[in-house]
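# Geometric and topological summary
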Amino acid sequence: MNCFVKSHGLGNDYIVLDSAEIDFDLGKSAIELICHRNYGIGSDGILLLVPPARGDFGLRILNPDGSEAEKSGNGLRIFAKYLYERKNASSKIFSIDTPGGLVTAEVEEKDGRVHHVTVEMGTATFRADEIPVDIEAEEAVAQRLVLGASEFDFTAVSVGNPHCVIFFEELREDLIRELGPEIENHPVFPNRTNVQFAQVISRESVRILIWERGAGYTLASGSSSCAVAAACVKSGLTDRKLRMLMPGGHLDINIGEDWAITMRGEVEEVFSGMLSDDLLYKLRNPSSINL
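Below is a summary of the structure that appears in this document. This one's a predicted model, so the numbers in the text were calculated from it and none came from an experiment. Numbering of residues begins from 1 in every chain and follows the order in which that chain's sequence is written. It should be noted that, the model being predicted, local features are given only for residues of pLDDT at least 70 and side-chain atom pairs only at 80 or more, the latter also being counted only at that level, while totals for whole chains, interfaces and linings use all residues. Hydrogens are left out, water is left out, and the side-chain values use all remaining heavy atoms of the structure.

### Re the overall build of the protein chain
- The helix and strand labels rest on DSSP assignments: H or I over at least four residues marks a helix, E over at least two residues marks a strand, and numbering proceeds from the N terminus. Helix and strand counts for the protein chain come out as five helices and 18 strands.
- Since a compact globule built from 291 residues should have a radius of gyration of about 19 Å, the 19 Å found for the protein chain is in line with a globular shape.
- Principal-axis analysis of the C-alpha atoms gives the protein chain an extent of 50 × 45 × 30 Å.
- Burial analysis of the protein chain (291 residues in total) assigns 54% to the buried set.
- Residue contacts are defined here by distance: any two heavy atoms, one from each residue, within 4.5 Å place the two residues in contact. Pairs at least 24 residues apart make up 61% of the contacts formed inside the protein chain by residues separated by at least 6 positions.
- Charge counting treats Lys and Arg as positive and Asp and Glu as negative, with His and both chain ends excluded. For charged residues, the charge sits on one atom: NZ in Lys, CZ in Arg, CG in Asp, CD in Glu. Across the protein chain, the centroid of the 28 positively charged side chains sits 3 Å from that of the 44 negatively charged ones. Both definitions apply: the radius of gyration is a C-alpha atom measure, and the globule rule equals 2.2 Å times residues to the power 0.38. Classification of residues uses two cut-offs on accessible area relative to the type maximum, computed with a 1.4 Å probe and protein chains only: under 20% is buried, over 50% is exposed, and between them is partly exposed.

Here it is as structure tokens:
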């Protein structure tokens, strides 16, 4: 009972829990405490194994601020490794039911350890009403975003969760840390949005920086990589097979002619353990949590 696993995909770290093995409610304060890097375990979010409505396994993705994400590429790779190594998935290919759609994962095993996972991430859409984006145009491609005295052209895309992609000739970490929160919460995005600053290096490679909705600046993101790749192809800037370069590492993305997306990347478990009695007391008594 109350066991956990912590893993990362290119530095984007998640805690994995099984809903059948915890005895406390994962409300907002509990999520914030577990993810806190000083008072909890520390992570970019929680992956919660739940009974599936369809497919082989069910997944909820909980952000550090207590909100819930529809889909996470790095999270899905981490979750697939966990399912195969710790939950006895019956084969190397299985389906995962997420709020952002049903996805298929395939694990690659070497020396008894899953080291890479390929995920079919669903299809990309640029339709403003499906992302959603509050604009008059039918598609959110090359639209104008006003931030105080600054203006940027952006392309918004959904890969099961919303993304805002802005192209730059040079990338600056300080700039995405400054503008990321403003763009995430801009009124043009009614459900908030993930934010990516992208620099096209060649027809086959793109460098990106990421501000993740509900989590902040992150070293890598699978769904963000997929979104940027789709935006690049839509804008005619790259080919359909791309290597996405991030501070935490790279992912290989393929955008199909029908906008179906496949993602392949590394995954690594960091440690596993049991939640302590001190932490469990607070998780079982949310009124005692004071962050």
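The structure having been displayed, the exposition proceeds.
### Section: the pattern of salt bridges
- Any Lys or Arg side-chain nitrogen located within 4 Å of an Asp or Glu carboxyl oxygen qualifies as a salt bridge. Summed over the entire model, instances satisfying the criterion amount to 27 salt bridges.
- Residue Glu-130 pairs with Arg-127 through a salt bridge whose shortest N-O separation is 3.5 Å.
- For Glu-130, a relative accessible area of 46% puts it in the partly exposed group.
- For Arg-127, a relative accessible area of 29% gives the class partly exposed.
- Arg-203 is the salt-bridge partner of Asp-239, the closest N and O atoms lying 3.3 Å from each other.

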